[in-house]
Each structure stands twice: as structure tokens, then as C-alpha cells.
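# Notes for the structure review
These are the residues of each chain, in order.
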Amino acid sequence: MFEGGEKDSDQVVKVVLFDEGGKILVLKNDNYGHDLPGGHTMVGEDLRDGLKREVREETGLQIKDFSKLDYENKNKTFYYGTVPSKKIVLSLEHDGYDFLTLEEVLESDMKESFKKAAKMAAGR
């Protein structure tokens with residue numbers, strides 16, 4: 001565990017998680033649409049540790065094997081990896097989830113920077 005506060009930093013970490021069929025895990029929220037798993041790191045928290053914590057909080061998944069994408073957008077750092085299990089337990093922050101093809105992600109209401117990360121992750 002890191003030695004920091006319980007306060008969110010300005011840094012955001014997101015991950016493009018693929019299932020065994022190459023589909024991307026997408027979280028849904030009625031207020032802001034489609035989203036990638038992840039969120040704000042805590043002040044003083046390592047980016048990778050923050051990503052693992054955020055994904056666990058949002059989905060119940062324990063991600064281990066993931067890599068950094070060569071793409072950052074403002075305060076956002078992106079990673080990619082594989083879904084360790086299909087047993088997803090959503091937090092109250094999200095209304096649902098789905099596994100979408102890259103084409104479906106690109107046609108969704110997801111933020112453009114998230115779409116770009118998904119496209120880069122799919123093409124590596």
C-alpha cells in the first residue's frame with residue numbers, strides 16, 4: 001500500500017481489457033454513457049497500483065497482466081490487458097457492462113480519447 005492520503009489526484013488511469021474473443025469490457029452509466037474501467041489515482045499512489053485498485057472497486061476484477069499504451073491524453077494514462085474472469089461485480093457507480101467489438105466501441109458514446117486508446121490497444 002502507498003503512503004498517501006485518501007484524496008483523489010488529478011491523474012486518471014484507464015484500461016482497455018480484452019476477453020478471449022477480442023471484445024472490450026465497457027462499463028455503462030446512464031449519466032455519462034460508456035466508459036473504460038479505471039479512474040482517479042489517490043494523491044501519492046503509483047499509477048499501476050491506482051489502476052488495479054480502481055478496476056477492483058468498479059468491477060471486482062483483480063487485474064495482474066497489463067501494459068501501458070504509448071498514448072496519454074492530458075491527465076489520462078492508458079493501459080491494456082486481458083479480463084482475468086467474466087465474473088464481474090459492478091460498483092454502484094455503473095449501471096451495467098458489456099463486451100463490445102472495437103467497431104461497436106468506436107460507434108458508442110464513449111469519449112474520443114478512450115476510443116483512441118481502444119483502437120491503439122486493438123492494433124498492437
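The paragraphs below set out a description of the structure included in this document.

Calculation rules
Numbers given to residues run from 1 along each chain, matching the order in which its sequence is written. Thresholds applied to this predicted model are a pLDDT of at least 70 for local features of residues and 80 or more for the giving and counting of side-chain atom pairs; totals over whole chains, interfaces and linings are not thresholded and use all residues. No hydrogens and no water enter the side-chain calculation; it runs on all heavy atoms of the structure. What counts as a helix is a DSSP run of H or I of at least four residues, what counts as a strand is a run of E of at least two, and both are numbered from the N terminus. Our radius of gyration looks at C-alpha atoms and nothing else; its globule reference is 2.2 Å times the residue count to the power 0.38. Relative accessibility under 20% of the residue-type maximum defines a buried residue, over 50% an exposed one, and the middle range a partly exposed one, all with a 1.4 Å probe and only protein chains included. Only heavy atoms enter the contact rule, under which two residues are in contact if any of them lie within 4.5 Å. Surface accessibility follows the Shrake-Rupley procedure with a 1.4 Å probe radius. Residue values consider only the protein chains on display as shielding. Charge counting treats Lys and Arg as positive and Asp and Glu as negative, with His and both chain ends excluded. Charge positions are represented by NZ for Lys, CZ for Arg, CG for Asp and CD for Glu. Take the buried Ala, Val, Leu, Ile, Met, Phe, Trp, Tyr and Cys residues and link them wherever side-chain atoms come within 4.5 Å; each set so joined is a nonpolar core. The pairing test for Phe, Tyr and Trp rings, Trp by its six-membered ring, is centres within 6.5 Å, and the orientation test on the planes gives stacked under 30 degrees, edge-to-face over 60, and tilted for anything in between. Take a side-chain nitrogen of Lys or Arg and a carboxyl oxygen of Asp or Glu: if they are within 4 Å of each other, that pair is a salt bridge.

### Comments concerning the overall build of the chain
- If you tally the helices and strands in the chain, you get three helices and seven strands.
- Compactness check: the chain gives a C-alpha radius of gyration of 13 Å against a globular reference of 14 Å for 124 residues, within 12% of the reference.
- Residue burial in the chain is summarised as follows: out of 124 residues, 48% are buried.
- Of the contacts formed within the chain by residues at least 6 apart in sequence, a portion of 66% connects residues at least 24 apart.
- Of the roughly 6,900 Å² of accessible surface on the chain, a fraction of 46% belongs to carbon and sulfur atoms.
- Here the chain contributes 19 positively and 25 negatively charged side chains, and the mean placements of these two sets differ by 3 Å.

### Section: the nonpolar core
- Grouped together as the largest cluster of nonpolar side chains are 17 residues, with contacts concentrated most on V16, I24, L36, F78 and V105.
- Tallying contributions element by element places helix α3 (residues 112-123) first for this core, with four residues.
- Look past the residues within four positions of F78 in its chain and what remains in contact with it is K14, L36, K68, L69, Y71, N73, S113, F114 and A117.
- Grouped together as the second largest cluster of nonpolar side chains are 13 residues, L17, L51, I63 and V83 included.

### Description of the packing of aromatic side chains
- Inspection of every chain in the model, using the stated rule, returns four aromatic pairs.
- Aromatic side chains F78 and F114 sit 5.9 Å apart centroid to centroid with 70° between the ring planes, which places their arrangement in the edge-to-face category. Taken together, the residues F78 in strand β6 (residues 76-82) and F114 in helix α3 connect sequence positions 36 residues apart.
- F78 gets classed as buried once you look at its relative accessible area, which sits at 0%.

### Concerning the pattern of salt bridges
- This model, assessed by the stated rule, comprises eight salt bridges.
- Put simply, D19 and K86 hold a salt bridge, and the shortest N to O gap is 3.1 Å. One end of the pair, D19, is in the loop between β1 (8-18) and β2 (24-29); the other, K86, is in the loop between β6 and β7 (96-100), and 67 residues separate them in sequence.
- Under the relative-accessibility criterion, K86 is labelled partly exposed at 42%.
- Two residues, E54 and R53, come together in a salt bridge whose shortest N-O distance is 3.2 Å. The pair E54 / R53 is uniform in exposure class, with both members buried.
- The network of salt bridges with common partners includes E45, R53, E54 and E57.

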